[in-house]
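Architecture at a glance
The chain contents come next:
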Amino acid sequence: MTGKIALPGSKSITNRVLLIAALAKGRSHISGALKSDDTKYMAQALRQLGVTVGETGNTDFVVTSTGTLTPSAEPLFLGNAGTAVRFLTAAAANIAGTTVLTGDIHMQKRPIAPLVEALNAAGVEAIAPTGCPPVTVSSQGGFANRSIEVDASLSSQYVSALMMAGTKGEAPFSLKVKDGDIGARGYIDITLECMKAFGADITQTGPLSWDIANTPYSARDYWVEPDASAATYIWGINALLDAQIDIGIAPEAMMQPDARAYDYIKQFPNLPAEIDGSQMQDAIPTIAVLAAFNNHPVRFVGIANLRVKECDRINAVATELNRIQPGLAEEIGDDLLVTPDRSLIGRTVSANIETYHDHRIAMAFAQAALVIDGLRILDPGCTAKTYPGYWRDLESVGVGMSFE
C-alpha cells in the first residue's frame, strides 16, 4: 500500500493559537489549521465573546480582535472539546461579567475542579457544582491574585489555560504546579511556544513554575503544523501492513509530544515490553491496538490520565480488544497489559467495535480492521472531532471499506 495523505493541522496548536489570537489586538491569519468539531466549537465561542473569526479555504482562520473579550449573553456550548472548555474557562477570568461554559453529556463527565480551584485562588469566582462542566465564571476582568498554584495531576491543560490567560493584568503572573506533578509536560511546551510566537514574555523559575509578564499579545500570522496524534494512525498502518503512506513531514520535525510515538511504532513487531505513555497519551490507543499483533506482551504504564479523556480509554481499549479475542488485554490498576496473538492477522472475526463516541478509539481500531476481516467500527463519524477526513484519506490510499 502506497500513497500520500495530507494530515489535518494540529488540534492542540490550532485551539491554542485561536485563543491567543483572540487575546491579541489586531488581525491574525492562521494557516494550516485544523477544521474539525473541536476547533469549530472554539471559533464559535470566540465569536460569542466579541471576536471576529473568519474562515478562508479548508485550513485558514482570520482572527480580528480588540484584544479584550466581552461577555456572552448565552452559554458557551463546547461539545466534548476538552481544550476549548478548559482554555476558555481560564480566559473567562479576563471578561468583566459572568460566563457560563458547558458541553455535551460526555463533557459533563470530564473533570475541571482543579482549574476551578485555581481560579478561586486567583480571586475569580468560579463554580462547577459537579466538578465537571457546566462552569460559571464571574470576574471583574482579570486575576486579582497574581501568584497561584494549580493541581495538574489530571491534566496539563489546566496549566496551559492559566498560562494563556495570565498575560492580562497590572502585574506579572506567577504560576506553579502543585507537588511537581504533571501529566503531559510536552503540551506545556507547545503552549509556551505559541504564547512566545505572539509576543508573550515568560521566565521559567523552577522545574514546573513560571513568571508570565503582563505584556499584551501581538497579532501575527501563524502556520499550524500537521497533527502528530493523527500521524500515529498512519505510522501504525505503515508498520502493520509494511505500507509506504507518506504524510509529508518527518516525526522529528514536529514539536508535539505524540510525535515521539514514532520511536516505538517503528520497532513493531518488537515493541518494548513496557511503554511509558505519560508524555504521549493520545498515542497510546494507537500503539495498544498495534501491540495486539506484536511478538510479545506489552505493558503500558503512566497512563492513568487516559481514564478521564473523551472516555475511559484504558477500559475502552481493553474491552474492545477482548471483544476481538478474550485475553488480548487486561487492566492492571491503571496499567494496560496487551498479550498479543499474531495469528489473528488474516483471520475472520465477526465483532462490532464500540467507539464510545471517542474519535481516538475509532481511528486506533481501524488498524485491527485492516488485518482482521469481519470487524465493524461503530459510529465512524465520531472522527469528525479531530480528523473529519480520516476515512476518506484511507480510501484514497487503497483501503476498502463500506458504510452501513
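Okay, so let's go over this structure. (Residues numbered from 1 in each chain as written. Predicted model: local features only at pLDDT ≥ 70, side-chain atom pairs only at ≥ 80, totals over all residues. Heavy atoms only, no water.)

1. Brief notes about the packing of helix H7 (residues 228-241) against helix H11 (residues 359-371)
It is the contact of H7 with H11, at a shortest axis distance of 10 Å, that shows an interaxial angle of 10 degrees. Judged by the inter-axis angle, H7 sits roughly parallel to H11. Of the residues in H11, those in contact with Ser229, Tyr233, Gly236, Ile237, Leu240 and Leu241 of H7 are Arg360, Met363, Ala364, Gln367, Leu370 and Val371. Of the residues in the contact of H7 with H11, the class split is eight nonpolar, three polar and one charged. (Axes fitted to C-alpha atoms, helices over the stretch in contact; angles between N-to-C directions. Helix = DSSP H or I, 4+ residues; strand = E, 2+ residues; numbered from the N terminus. Parallel < 35°, antiparallel > 145°, perpendicular 65-115°, else oblique. Contact = heavy atoms within 4.5 Å. Nonpolar A, V, L, I, M, F, W, Y, C, P; charged D, E, K, R; others polar.)

2. Thoughts on the sheet that holds strand S6 (residues 97-102)
If you trace the four strands from one edge of the open sheet to the other, you get S5-S6-S8-S7, paired in mixed fashion. Because the sheet does not close on itself, it has two edges, and the strands there are strand S5 (76-77) and strand S7 (125-127). Relative to S6, S5 is paired through two bridges, and the arrangement is parallel. Pairing of Leu76 across the sheet is with Leu101, part of S6. (Pairing = 2+ DSSP bridges.)

3. Side note on the pairing of strand S17 (residues 329-332)
In terms of strand pairing, S17 meets strand S18 (residues 335-338) through four bridges, oriented antiparallel. Looking at S18, one finds that Glu330 is bridged to Leu337. Between S17 and S18, which pair antiparallel one after the other, the connecting turn spans two residues, and Gly333 there sits at a positive phi close to 65 degrees.

4. What to know about unusual backbone geometry
Residues Pro133 and Pro134 are joined by a peptide bond in cis, for which omega reads 10 degrees. Here Pro134 is to be found in the loop between S7 and strand S8 (135-139). Pro269 follows Phe268 through a cis peptide bond whose omega is 5 degrees. Backbone geometry at Asp242 places phi at a positive 55 degrees, although glycine is not the residue there. Along the chain, Asp242 turns up in the loop between H7 and strand S14 (244-246). Accessibility expressed as a relative area gives 62% for Asp242, which makes it exposed. Phi angles above zero are rare outside glycine, and Asp379 is one such case at about 50 degrees. Along the chain, the position of Asp379 falls in the loop between strand S20 (373-377) and helix H12 (390-396). (Buried < 20%, exposed > 50% of the residue type's maximum accessible area, 1.4 Å probe, protein only.)

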